[in-house]
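Each chain, written out:
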Amino acid sequence: RDNTMRRAYRPRRGSRLILIASGAAAIGICSFFSTGFLSGYKSGISRNTKIASVVKSSSIVNGSIRRHIPEGAIVAIIGAGAAGLSAARSFRDFSDGTLSIDVFEQGEEIGGTWVYSDEVGARQHSSMYRNLKTNIPKEVMPFHDEPFDKQLPSYITHYDVLHYLKDFARKHDLLKHIRMGTKITHISKETSEEGKWNVEWKNMKTGDKKSSQYDAVIVCNGHYTVPILPNIPGLEAFSGSKMHAHDYRSPERFKDKTVAVIGAGPSGVDISLEIAKYAKEVFRAQRDVEKPIKDPGSGIEIIPEIRKFEGGKGVWEVQGIKGSTKSLDAVVCCTGYDYSFPFLAPEIGISVKNRGVTPLYRHLYYTEDPTLVFVGLPWRVAPFPLFDCQTRHAASALIGKIPLPTAEKMQKAREEDERMRFEEMGLPKRFYHMFGSLQWEYCKLLNEEAQAGQTHPSIDVMQEIYTDAGVARRVDAATYRNRNYHVHDDGSWSVQKLKTGTEIATSS
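Please read these numbers as outputs of a predicted model, since none were measured by experiment. (Residues numbered from 1 in each chain as written. Predicted model: local features only at pLDDT ≥ 70, side-chain atom pairs only at ≥ 80, totals over all residues. Heavy atoms only, no water.)

(A) Here's a closer look at the pairing of strand β27 (residues 483–487). Alignment of β27 against strand β28 (residues 493–497), held across five bridges, turns out to be antiparallel. Bridging across to β28, Val487 finds its partner in Trp493. Where β27 folds back on β28, the antiparallel hairpin that results is connected by five residues, among which Gly491 adopts a positive phi of roughly 95 degrees. (Pairing = 2+ DSSP bridges. Helix = DSSP H or I, 4+ residues; strand = E, 2+ residues; numbered from the N terminus.)

(B) Spotlight on the state of the cysteines. Per the stated rule, a full pass over the model turns up zero disulfides. Of the cysteine sulfurs around Cys389, a residue in no disulfide, the closest is that of Cys443, at 3.9 Å. (Disulfide = S-S within 2.5 Å.)

(C) Representation of the packing of aromatic side chains. If you walk through the whole model with that rule in mind, you get 24 aromatic pairs. Their ring planes at 20 degrees and their centres at 6.3 Å tell us that Tyr248 and Phe254 sit as a pair that is stacked. Across this residue pair, the class does not change: Tyr248 and Phe254 are buried. Summarising the aromatic geometry, the rings of Phe283 and Trp316 are spaced 5.7 Å apart at their centres and angled 45 degrees between planes, so their arrangement reads as tilted. One end of the pair, Phe283, is in strand β13 (residues 281–285); the other, Trp316, is in strand β17 (residues 313–318), with 33 residues separating them in the sequence. In this arrangement the basic side chain of Arg421 is found over the ring face of Phe435, its NZ or CZ atom lying 4.9 Å from the centre. Here the basic side chain of Arg473 rests over the ring of Tyr480, its NZ or CZ set 5.8 Å away from the ring centre. (Phe/Tyr/Trp six-rings, centres within 6.5 Å; stacked < 30°, edge-to-face > 60°. Buried < 20%, exposed > 50% of the residue type's maximum accessible area, 1.4 Å probe, protein only. Lys NZ or Arg CZ within 6 Å of the ring centre and 35° of its normal.)

(D) Local environment of the environment of Gln106. In this fold, Gln106 is placed in the loop between β4 (100–104) and α4 (158–171). With a relative accessible area of 33%, Gln106 lands in the partly exposed category. In contact with Gln106, not counting residues within four places along its chain, are His125, Gly181, Thr182, Lys183 and Met204. (Contact = heavy atoms within 4.5 Å.)

(E) Structural view of the confidence of the model for the chain. With 85% of its residues at a pLDDT of at least 70, the chain reaches an overall mean of 88. This stretch, residues 36–41, has a pLDDT under 50; its non-local contacts, to residues over four places away or in other chains, come to 13 contacts. (pLDDT = per-residue confidence, 0-100.)

(F) Focus on empty space enclosed by the protein. Throughout the structure, instances matching the rule amount to one cavity of 30 Å³ or more. Space inside the largest cavity adds up to approximately 130 Å³. Broken down by secondary-structure element, the contributors of at least two residues to the lining of the largest cavity are α6 (383–398), α8 (439–450) and α9 (459–475). Top element by residues in the lining of the largest cavity is α6. It accounts for four residues. For the lining of the largest cavity, the per-class residue count stands at nine nonpolar, three polar and two charged. (1 Å grid on protein atoms, 1.4 Å probe; cavity = no way out; pocket = protein on both sides within 12 Å on 5 of 7 lines; lining within 4 Å. Points joined across faces, edges and corners; volume = space filled by probe spheres on them. Nonpolar A, V, L, I, M, F, W, Y, C, P; charged D, E, K, R; others polar.)

Right, dumping it as structure tokens:
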């Protein structure tokens with residue numbers, strides 16, 4: 001009578017409406033929807049019928065919910081590094097063509113962590129250092145159907161990678177979706193039935209603040225920005241210079257100094273090798289060493305963990321014998337990075353603890369609402385191919401092409417993954433998102449479910465090359481980049497020494 005329903009309900013063609021009512025109300029409402037502004041609408045009454053349950057937004061197929069963001073949905077992608085560019089392409093290519101995509105990038109150019117800057121400090125996003133080369137060959141780094149320039153060697157500079165990302169964005173016409181110089185400041189969940197995401201941002205130049213609502217949020221802000229410093233007694237009061245690898249740019253500042261590098265991951269090994277060319281002495285402290293070992297090639301002394309600092313001295317133990325000390329001029333902490341999402345409202349329920357982001361299904365979907373997606377959390381991986389597998393799966397799932405489990409099943413899958421990691425594999429809690437050899441089956445599973453097609457090189461070939469390169473790196477960290485890989489048309493591969501061209505390995 002007062003047109004309330006006419007104002008509140010705007011059906012699309014093909015819409016279906018269920019009215020839960022009884023008696024005169026049921027008859028009256030059915031009559032209303034069969035006449036007037038919905039003339040021709042088919043209706044019927046099911047008598048003696050009790051509604052058992054109502055589930056929002058989806059159909060349930062074999063216990064899995066098809067999560068639909070509506071036709072014409074708007075998707076927010078946070079970050080225009082490699083993960084964000086992968087997400088932008090996937091959500092455009094795997095959607096039905098009706099999605100709108102906004103990519104928010106706080107920097108003034110795309111590329112994320114691959115954008116090198118001489119500047120250092122907490123405000124600096126990138127952790128690139130001047131002479132960095134990749135520690136995995138380019139043959140296992142490309143996005144789907146986008147190989148790197150064949151003229152480049154297998155181990156390339158960060159400048160080469162940034163050039164590749166910029167070419168990728170131009171080729172796929174992604175730049176029009178990107179808002180440069182725009183920092184996300186707050187994301188919250190709307191409490192209405194539609195349950196959209198409220199996204200707030202700030203223009204980094206003008207300070208202007210704006211907000212809008214989105215149907216899905218894809219978080220691609222990277223995890224090489226927030227340094228983790230080791231908890232070593234006396235480090236804070238250490239009288240020499242100290243820094244995290246996040247602020248390392250070049251080795252010349254360590255000329256003729258005695259330096260300790262803490263950590264034996266890829267950056268710890270690379271940085272210690274660089275510094276050794278200039279420093280008086282270099283000590284690399286790592287967990288898996290019981291007594292000092294001299295590396296004959298580089299002159300670096302590999303030592304057990306430093307237990308404490310006393311003024312300008314580092315103290316470590318050798319097989320439980322107290323008193324191994326060394327006066328130091330500088331300490332470089334290559335001790336990793338933490339995940340950080342300061343823009344997410346606490347009430348959303350995302351937890352970051354012990355380098356683990358929870359609760360997520362497949363290290364990707366927020367279990368309570370899979371329209372919040374985190375891309376690129378796994379580490380010790382071939383990142384770009386993994387990003388593609390994740391973003392294709394997410395795009396396909398959110399528009400309803402493939403089903404996702406119910407929240408209950410997602411939670412059970414998460415618990416099973418944790419049991420496998422911490423009980424069966426015996427990994428420490430800080431390795432929550434460490435994949436290593438697990439990445440290949442993970443990528444295959446996501447690809448198969450998303451029906452994304454074969455990659456080139458295939459995942460199996462990438463696994464073989466990645467494994468071979470890893471062995472070479474562990475055998476000789478100083479020379480493994482002298483290897484050059486070739487993937488042949490028949491799917492086989494070979495590796496040669498740079499300059500000499502001598503073949504030293506082939507696929508089986």
